[in-house]
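Examining the three-dimensional arrangement
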Amino acid sequence: MIIAGVGSGCGKTTAVCGILYGLQKRGWKAAAWKSGPDYIDPMFHKKVCGTGGNLDLFFSGRDRVCALLSEQAQQSDIAVIEGAMGYYDGIGMTEEASCFALAEATGTPVVLTVNPRGMGNSVCALLQGFLHFKKESRIKGILFNQITARQYERLRPAIEDMGLQAVGYFPVQREFTLESRHLGLVTAAEVDGFDTMLEKLYETIAHTIDWEGLLQLSEKTWPVKFKDSPGFPGDLCADRPGTAMAEEAPETDREAVTIGIARDEAFGFLYEDNLRYLEKRGCQLVFFSPLRDRELPAMDGMILCGGYPELYLPELSENKKMRLAVREKIMSGLPCIAECGGFLYLQKSMTDTVNRTYDMTGVFPGQVFRRQRLERFGYINCTVEEGHLFGREQMKFRAHEFHYYDCDSRGSALMAEKASGEEKWMTGIVNQNLYAGFPHIYFYGNEQFAEGFLERAARYRDKHRVPSVNKEDKSGIDMK
């Protein structure tokens, strides 16, 4: 089932976390996803039920989204998808890539979350609008947030008169509050006592949610249909730019490469599906912390993902050994993907909100600073205009941008265009071994990008391979 909302801020993430936890307490194995490109909500899902991922029709297209959903849902009893923004909110003033489009593509029933604060009978008019905005809305149930038992009993008959199922409510409570930050919520790892909060939340909703009703709604889902697919990746028809056709996909049994991935409090915005993609390609994944580690592990390629480096500038700057190690590796030709926060880490310096400046790696000469408002937001189409990105000229790929921080060394290798077509700009730095820029990349929707990176990693591995030593000759020189 999809738990959607009438808009942002209506309590979807709290509702999903509470329901995932409650399902597990009742003996059900749940799997969770987020509709769209959001990084933070899947972190909460994973912390609650052990799984978290994204289903994004802009990045991947219908067949790939349905295949990913089907593959992972088979390992659970119930699949729960959290919607993004308002139910019908897509690209521009359309439903493209919206939660509604996802429900339609996957055939999933929808529970609409509503916070009726400040409304009486008007909530019924609101729901009638959502129910009949499209001929088949797929809305089957209503979940109320922040109301009393008395309010719920007054609203339930009106909901049932619409032919909808009232599946319960979240009472007014302050014990479970997810704080916001400039890129959305704080991350799950930063919430102190999260497990205790979950238990208290469940105690609150154990008797206010119609658990059997939720299960009945989810059982009405018919099997997800998509192009026949024996495995991932490279097995589906390319319905998005940058997606490899099945016959073009590289062999999956090639010798493994080792990919080093930055992951700590400062760098955590990484699609779990990207990790799964790499693992399916036979990659060995090693993780390191730019905050705490003093040296890099052995690797053939590096991913510096996005996150909140601006919150840890003193620690990142003080770790000089790591800054120098990252710089040295990239300057020596180690293939690297550096997205958003990772891109900023490669600049010369970052300035915080009180105008203190801290040294970063210095791969690029730029200075990083915070803007007063959101600098970029939303889906974009990218085309390589200068250079060869991982050996490919004029590669096209889809991405997502969302950042408040900016720098004076953005680069100009990519032509980025809003998915709505409203705006274009130049950004990014690329070469045969490097992608660095603000746009975030989703591998399952951009396989030419991902495979280009892995091919360069394989070349790096072969070039820097330590010669094998046979038993007779310990010199490392092949005497044959």
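All figures in this text were calculated on a predicted structure; none of them were measured in a lab.

It is possible for side chains bearing opposite charge to pair when their charged atoms get close. All chains considered together, the criterion is met by 19 salt bridges. Lys134 is the partner of Glu95 in a salt bridge, and the nearest nitrogen-oxygen pair spans 3.0 Å. Of this pair, Glu95 sits in the loop between β4 (78-82) and α5 (99-106) while Lys134 sits in the loop between α6 (122-132) and β6 (139-147), and the two are 39 residues apart along the sequence. Of the charged contacts in the structure, one is a salt bridge between Glu153 and Arg156, with a shortest N-O distance of 2.8 Å. Of this pair, Glu153 and Arg156 are both found in helix α7 (residues 149-161), 3 residues apart, which corresponds to roughly one turn of the helix.

What follows concerns the packing of aromatic side chains. Here the structure, examined in full by the defined rule, presents 31 aromatic pairs. With a centroid separation of 5.2 Å and an interplanar angle of 50 degrees, the aromatic rings of Tyr88 and Phe100 are classed as tilted. Within this pair, whereas Tyr88 is found in the loop between β4 and α5, its partner Phe100 is found in helix α5, the two being separated by 12 residues in sequence. Assigned by exposure class, Tyr88 and Phe100 land together as buried. Judged by centre distance (5.2 Å) and plane angle (75 degrees), the rings of Phe269 and Tyr308 are edge-to-face. In this pair, Phe269 is assigned in strand β11 (residues 267-269) and Tyr308 in the loop between β14 (306-307) and α11 (313-318), connecting sequence segments 39 residues apart. The residues Phe269 and Tyr308 share a single accessibility class, namely buried. Here a set of aromatic residues connected by ring pairs shows up, and it is made of Tyr39, Phe58, Phe59, Phe269, Tyr271, Tyr277, Tyr308, Tyr379, Tyr442, Phe443 and Tyr444. It is Arg398 that lies over the ring of Phe58; its NZ or CZ is 4.4 Å from the centre.

What follows deals with the pairing of strand β2 (residues 30-35). The element β2 is extensively covered by neighbouring structure, given that 6 of its 6 residues are classed as buried. The alternating pattern of β2 places Ala30, Ala32 and Lys34 on one face and Ala31, Trp33 and Ser35 on the opposite face, and all of these are buried. Bridge count between β2 and β4: 5 bridges; the pairing is parallel. Bridged to Ala32 within β4 is Val80. Bridging between β2 and strand β3 (residues 54-55) involves 2 bridges; their strand directions are parallel. Residue pairing for β3: Ser35 is matched across the bridge by Leu55.

As a further point, take the side chain of Asn274. Inspection of the secondary structure puts Asn274 in helix α10 (residues 272-280). One polar contact links the side chain of Asn274 to the main-chain amide nitrogen of Phe443, over a distance of 2.8 Å. Apart from the residues within four sequence positions on either side, Asn274 is in contact with Ile441, Tyr442 and Phe443.

The subject of this paragraph is the sheet that holds strand β10 (residues 258-262). One open sheet accounts for 6 strands, arranged β12-β10-β13-β15-β27-β26; its pairing is mixed. This sheet does not close on itself; its edge strands, each paired only once, are β12 (284-288) and β26 (429-431). Along the sheet, successive strands turn relative to each other by an average axial angle of 10 degrees, direction set aside. Here strand β15 (residues 336-339) pairs with strand β27 (residues 434-437) via 4 bridges, running parallel. By the bridge assignment, Cys336 is partnered in β27 with Leu434. Running at roughly 140 degrees to β12, α10 makes contact with β10, β12 and β13 (301-304) of the sheet. Sheet strands touched by helix α12 (residues 320-331): β12, β13 and β15. Its angle to β13, the strand with the most contacts, is close to 125 degrees.

Okay, the confidence of the model for the protein next. Per-chain confidence: the protein averages 86 in pLDDT, with 86% of residues scoring 70 or above. Ignoring residues within four places in sequence, the model shows residues 228-253, a span with pLDDT below 50, making 64 contacts including any to other chains. When the criterion is pLDDT under 50, residues 468-480 qualifies, and its contacts beyond four places in sequence or with other chains add up to 5 contacts.

Moving on to the nonpolar core. Core analysis: the biggest nonpolar cluster contains 155 residues, and Tyr87, Ile259, Leu304 and Phe397 have the highest contact counts within it. Residues in contact with Ile259, not counting those within four places in the same chain, are Leu278, Cys283, Gln284, Leu285, Val286, Gly301, Ile303, Phe453, Leu454 and Ala457.

A word on α5. Residues spaced three or four apart along an α-helix point in a common direction, a consequence of the helix completing one turn every 3.6 residues. Within α5, 7 of the 8 residues are buried, which leaves the element mostly enclosed by the surrounding structure. Two or three places before Phe100, at the start of α5, stands the capping residue Ser98, its side-chain oxygen 3.4 Å from that residue's backbone nitrogen. Backbone geometry just after α5 places Gly107 at a positive phi near 70 degrees.

Below, the discussion takes up the pairing of strand β19 (residues 376-384). Counting buried positions along β19 gives 7 out of 9 residues, so the element sits mostly inside the fold. One ladder, built from 8 bridges, connects β19 with strand β22 (residues 396-403); its direction is antiparallel. Looking at the pairing, Phe377 lines up with Phe402 of β22. Pairing between β19 and strand β24 (residues 414-418): 5 bridges, direction antiparallel. The residue bridging Val384 from the neighbouring strand is Leu414, located in β24.

Axis separation between helix α1 (residues 12-25) and helix α8 (residues 194-205) bottoms out at 9 Å; the angle between their running directions is 85 degrees. Taken as axis vectors, α1 and α8 run roughly perpendicular relative to one another. Within the contact between the two elements, α1 uses Thr14, Cys17, Gly18, Tyr21, Gly22 and Lys25 and α8 uses Leu198, Glu199, Leu201, Tyr202 and Ile205. Class assignment for the residues of the contact of α1 with α8 results in 6 nonpolar, 3 polar and 2 charged.

The rules behind these values
- Residues numbered from 1 in each chain as written.
- Predicted model: local features only at pLDDT ≥ 70, side-chain atom pairs only at ≥ 80, totals over all residues.
- Heavy atoms only, no water.
- Salt bridge = Lys/Arg side-chain N within 4 Å of Asp/Glu carboxyl O.
- Helix = DSSP H or I, 4+ residues; strand = E, 2+ residues; numbered from the N terminus.
- Phe/Tyr/Trp six-rings, centres within 6.5 Å; stacked < 30°, edge-to-face > 60°.
- Buried < 20%, exposed > 50% of the residue type's maximum accessible area, 1.4 Å probe, protein only.
- Lys NZ or Arg CZ within 6 Å of the ring centre and 35° of its normal.
- Pairing = 2+ DSSP bridges.
- Polar contact = N/O pair within 3.5 Å; in protein donor to acceptor, adjacent residues only side chain to side chain.
- Contact = heavy atoms within 4.5 Å.
- Axes fitted to C-alpha atoms, helices over the stretch in contact; angles between N-to-C directions.
- pLDDT = per-residue confidence, 0-100.
- Core = buried A, V, L, I, M, F, W, Y, C linked by side-chain atoms within 4.5 Å.
- Parallel < 35°, antiparallel > 145°, perpendicular 65-115°, else oblique.
- Nonpolar A, V, L, I, M, F, W, Y, C, P; charged D, E, K, R; others polar.

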